[in-house]
2 protein chains.
Amino acid sequence: VKLVKYEKPISGAVIRRLPRYYRYLSTLKEMGISKVSSKDMGNRMGITSSQVRQDFFCFGGYGLQGYGYDVEFLHEEIGKILGIGTTKQMIIIGAGSLGQALAKHKGFEKRGFKIIAIFDVKSELLGEKINEHEIMHLDQLSDFVANNQVDIAALAVPDNFGREVAGLVTRLGIKAIWNFAAIELNTPEDVIVESIHLIDSLIVLGYNLENKK
Amino acid sequence: VKLVKYEKPISGAVIRRLPRYYRYLSTLKEMGISKVSSKDMGNRMGITSSQVRQDFFCFGGYGLQGYGYDVEFLHEEIGKILGIGTTKQMIIIGAGSLGQALAKHKGFEKRGFKIIAIFDVKSELLGEKINEHEIMHLDQLSDFVANNQVDIAALAVPDNFGREVAGLVTRLGIKAIWNFAAIELNTPEDVIVESIHLIDSLIVLGYNLENKK
């Protein structure tokens, strides 16, 4: 059940800012701060205060002049919009160093993303345990998906296997892919892909370093 | 020496697309394909062909109707703009599973990002080798930076140490930070920050999964 107050669809650009707002609001809450101005929020995030006000207006956040926004309210509303607190089950495909790092990451489960299995094809990795999960062979994926709710597949496989593994995952009916391979995935329309392109990020950093004013 | 032909500064949004174009063009080159249309390029990347044409026009890429763009030329120009091929030296701070995954990643050096050292504070990690690099204590960072060209510091530290380590790195004169901590860093203006917020990406994926049409 969606309890949020907005009617219009929220744009992708706004959605992408929401986790950052949410993180900042979480910190303020932990610090016992109850009000925040759009100016402080914008400064922290490197965006204008008018952008902040516009974003918050989308989902019923009304600030009062000289008073600011209610941290608790915003935190709760944004959390609801983002579905924070609802559990999603995730598998990791690829148990190399990146896949293992994802499996060991402490921040995911706290936000509702529960890792339930890890798969690889390298026989020397099979049976090894990462946290409580034994690494399984990719051949077992089909059975696993048939017997478990898998919401998200994280692909931490070599770039040249990315497309093949994405195809497999899609055929098995998984509807969300968190892709770490440095490739563009073309999936069916009903499959959501979110990519982390490490090398692209690093190249942009290098570019900005070379070309700063 | 910059050999590129454009005069105007390129917008951040265009810059962020360039590594993706570059990757795609690299693949086409490897496949021996010499021409590509803006339509195919756009399809692959999920953007419109007119956006592709507009982007390429920025840096002197002129397509011919019914003929397309020259893959080799575009690949070279975009590579020059991005500074691909010039070496940048990077250190990794944080030798946990994420830091180790970054240190072992094979794609960075190929694009000119050379990892030259890894630092941590945990005594049990010190002296351990990751690839050819021994993990050093963070206390040695100051000496290391004094004696080596460090272009980029990758921060793979726990979130609550991010700000402190970014401050240290900045005081030592490092001008680019690749941040993996789930925090917003406020650094001096001449320090470039590029963040990979894993949890934000996952939350957006979860949102899009819940809210797809």
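Residues numbered from 1 in each chain as written. Chains lettered and ligands numbered in written order. Predicted model: local features only at pLDDT ≥ 70, side-chain atom pairs only at ≥ 80, totals over all residues. Heavy atoms only, no water.

> Can you explain the overall build of chain A? Please cite residues and give values.
Summing up its helical and strand segments, chain A has nine helices and nine strands in all. Within chain A, the proportion of its 213 residues that are buried is 53%. For chain A, long-range pairs separated by at least 24 residues make up 56% of all intrachain contacts whose partners lie at least 6 apart in sequence. As displayed, chain A offers around 10600 Å² of accessible surface, 50% of which is attributable to carbon and sulfur atoms. The distance from the centre of the 26 positive side-chain charges to the centre of the 25 negative ones in chain A is 9 Å. (Helix = DSSP H or I, 4+ residues; strand = E, 2+ residues; numbered from the N terminus. Buried < 20%, exposed > 50% of the residue type's maximum accessible area, 1.4 Å probe, protein only. Contact = heavy atoms within 4.5 Å. Areas by Shrake-Rupley, 256 points an atom, 1.4 Å probe, with all protein chains shown as cover. Lys, Arg positive; Asp, Glu negative; His and termini not counted. Charge placed at Lys NZ, Arg CZ, Asp CG, Glu CD.)

> Account for the pattern of salt bridges, naming residues and giving values.
All names here are of chain B. With the rule as written, the count across this model stands at 24 salt bridges over all chains. Between Lys114 and Glu109 there is a salt bridge, with its nearest N and O atoms 3.9 Å apart. Classification of Lys114 as partly exposed rests on a relative accessible area of 29%. Residue classification places Glu109 among the exposed positions, given a relative accessible area of 51%. (Salt bridge = Lys/Arg side-chain N within 4 Å of Asp/Glu carboxyl O.)

> Requested: an account of the environment of A:Lys80, with residues and values cited.
Residues and elements named next belong to chain A. For Lys80, the position within the fold is in helix 4 (residues 71-82). With a relative accessible area of 28%, Lys80 lands in the partly exposed category. Measuring from C-alpha to C-alpha, the distance between Lys80 and Tyr69 comes to 17 Å, with 11 residues separating the pair along the chain.

> Give a detailed account of the sheet that holds strand 4 (residues 113-120) of chain A, specifying residues and quantitative values.
All names here are of chain A. Judged by pairing direction, the sheet is mixed, and its seven strands sit side by side in the order 5-6-4-3-7-8-9 without closing on themselves. Where the open sheet ends on each side, the last strands, each with one partner, are strand 5 (129-130) and strand 9 (192-195). Seen against the sheet, helix 8 (residues 159-171) touches strand 3 (88-93), strand 7 (152-155) and strand 8 (176-179) and runs at an angle of roughly 170° to strand 7. (Pairing = 2+ DSSP bridges. Axes fitted to C-alpha atoms, helices over the stretch in contact; angles between N-to-C directions.)

> Account for the interface of chain A and chain B, naming residues and giving values.
Facing 58 residues of chain A, the contacting portion of chain B comprises 58 residues. Counting the surface lost from both chain A and chain B, the interface buries some 5300 Å², and carbon and sulfur atoms represent 68% of this. Taken together, chain A and chain B are joined by eight salt bridges. Counting across the chain A and chain B interface gives 16 residue pairs in polar contact (both at pLDDT 80 or more). Top element by residues in the side of chain A that touches chain B is helix 9 (residues 198-210) of chain A. It accounts for 13 residues. (Buried area = accessible area lost by both parts, 1.4 Å probe. Polar contact = N/O pair within 3.5 Å; in protein donor to acceptor, adjacent residues only side chain to side chain.)

> Break down the packing of helix 1 (residues 12-30) of chain A against helix 9 (residues 198-210) of chain B for me, with residues and values.
Packing of helix 1 of chain A against helix 9 of chain B leaves a shortest axis separation of 9 Å and a crossing angle of 125°. Comparing the axis directions of helix 1 of chain A and helix 9 of chain B gives the class oblique. Once helix 1 of chain A is placed against helix 9 of chain B, the crossing between them reads as right-handed. Facing helix 1 of chain A, whose interface residues are A:Ile15, A:Arg16, A:Pro19, A:Arg20 and A:Arg23, helix 9 of chain B presents B:Ile199, B:Asp200, B:Ile203, B:Val204 and B:Tyr207. Residues of the contact of helix 1 of chain A with helix 9 of chain B, tallied by class, amount to six nonpolar, no polar and four charged. (Parallel < 35°, antiparallel > 145°, perpendicular 65-115°, else oblique. Left-handed = near helix turned anticlockwise from the far one by under 90°. Nonpolar A, V, L, I, M, F, W, Y, C, P; charged D, E, K, R; others polar.)

> So what about helix 4 of chain A? Which residues, and what values?
Taking 1.5 Å per residue, 12 residues should reach 16 Å; helix 4 of chain A reaches 16 Å between its end C-alpha atoms and fits that length. Residues of helix 4 of chain A that are buried: A:Val71, A:Leu74, A:His75, A:Glu77, A:Ile78, A:Gly79, A:Ile81 and A:Leu82. Where helix 4 of chain A is buried, its residues meet helix 1, strand 1 (35-36), helix 3 (49-58) and strand 2 (69-70) of chain A together with helix 9 of chain B. Where helix 4 of chain A starts, the residue carrying a side-chain oxygen 3.2 Å from the main-chain nitrogen of A:Glu72 turns out to be A:Asp70. The positive-phi residue at the C-terminal boundary of helix 4 of chain A is A:Gly83, with phi of around 75°. (Expected span 1.5 Å × (residues − 1).)

> Now, about the sheet that holds strand 5 (residues 129-130) of chain B: what can you tell me, with residues and values included?
Residue and element names in this part refer to chain B. Across the sheet, seven strands lie side by side as 5-6-4-3-7-8-9; this open sheet has mixed pairing. This sheet does not close on itself; its edge strands, each paired only once, are strand 5 and strand 9 (192-195). The sheet contact formed by strand 4 (residues 113-120) and strand 6 (residues 133-137) spans three bridges and is parallel. When the sheet's bridge partners are listed, Asp120 is paired in strand 6 with His137. Relative to the sheet, helix 8 (residues 159-171) contacts strand 3 (88-93), strand 7 (152-155) and strand 8 (176-179), its axis offset from that of strand 7 by approximately 170°.

> If you had to explain the packing of aromatic side chains to someone new, which residues and values would you point to?
Residues and elements named next belong to chain A. In this structure the tally under the stated criterion is 10 aromatic pairs over all chains. Arranged with centres 4.8 Å apart and planes meeting at 70°, the rings of Trp178 and Phe180 form a pair that is edge-to-face. Note on accessibility: Trp178 and Phe180 belong to one class, buried. Taken together, Tyr21, Phe56 and Tyr69 form an aromatic cluster joined through their ring pairs. (Phe/Tyr/Trp six-rings, centres within 6.5 Å; stacked < 30°, edge-to-face > 60°.)

> Can you tell me about the relation of the copies chain A and chain B, naming the residues and giving the values?
Each copy of the sequence occupies a distinct position, and chain A is placed on chain B by a rotation of 180° and an axial shift of 0.0 Å, giving an RMSD of 0.0 Å. Such a combination of turn and shift is consistent with a two-fold rotation axis. (Least-squares fit on C-alpha atoms with pLDDT ≥ 70 in both.)

> How would you explain unusual backbone geometry if you had to name every residue and give the values?
With a phi close to 50°, A:Asn131 is a non-glycine residue in the positive phi region. Note that A:Asn131 resides in the loop between strand 5 and strand 6 (133-137).

> Residues and numbers for the environment of A:Gln149, please.
Residue and element names in this part refer to chain A. Here Gln149 lies in the loop between helix 7 (141-147) and strand 7. Spatially, the C-alpha atoms of Gln149 and Gln89 are 6.7 Å apart, while their sequence positions differ by 60 residues. Setting aside anything within four residues of it in sequence, one finds Gln149 in contact with Gln89 and Ile116.

> Now, about the side chain of A:Arg111: what can you tell me, with residues and values included?
Relative to the helices and strands, A:Arg111 is located in the loop between helix 6 (107-110) and strand 4. In this structure A:Arg111 touches A:Tyr22, A:Ser26, A:Ile84, A:Gly85, B:Ile199 and B:Ile203, once residues within four positions along its chain are discounted.

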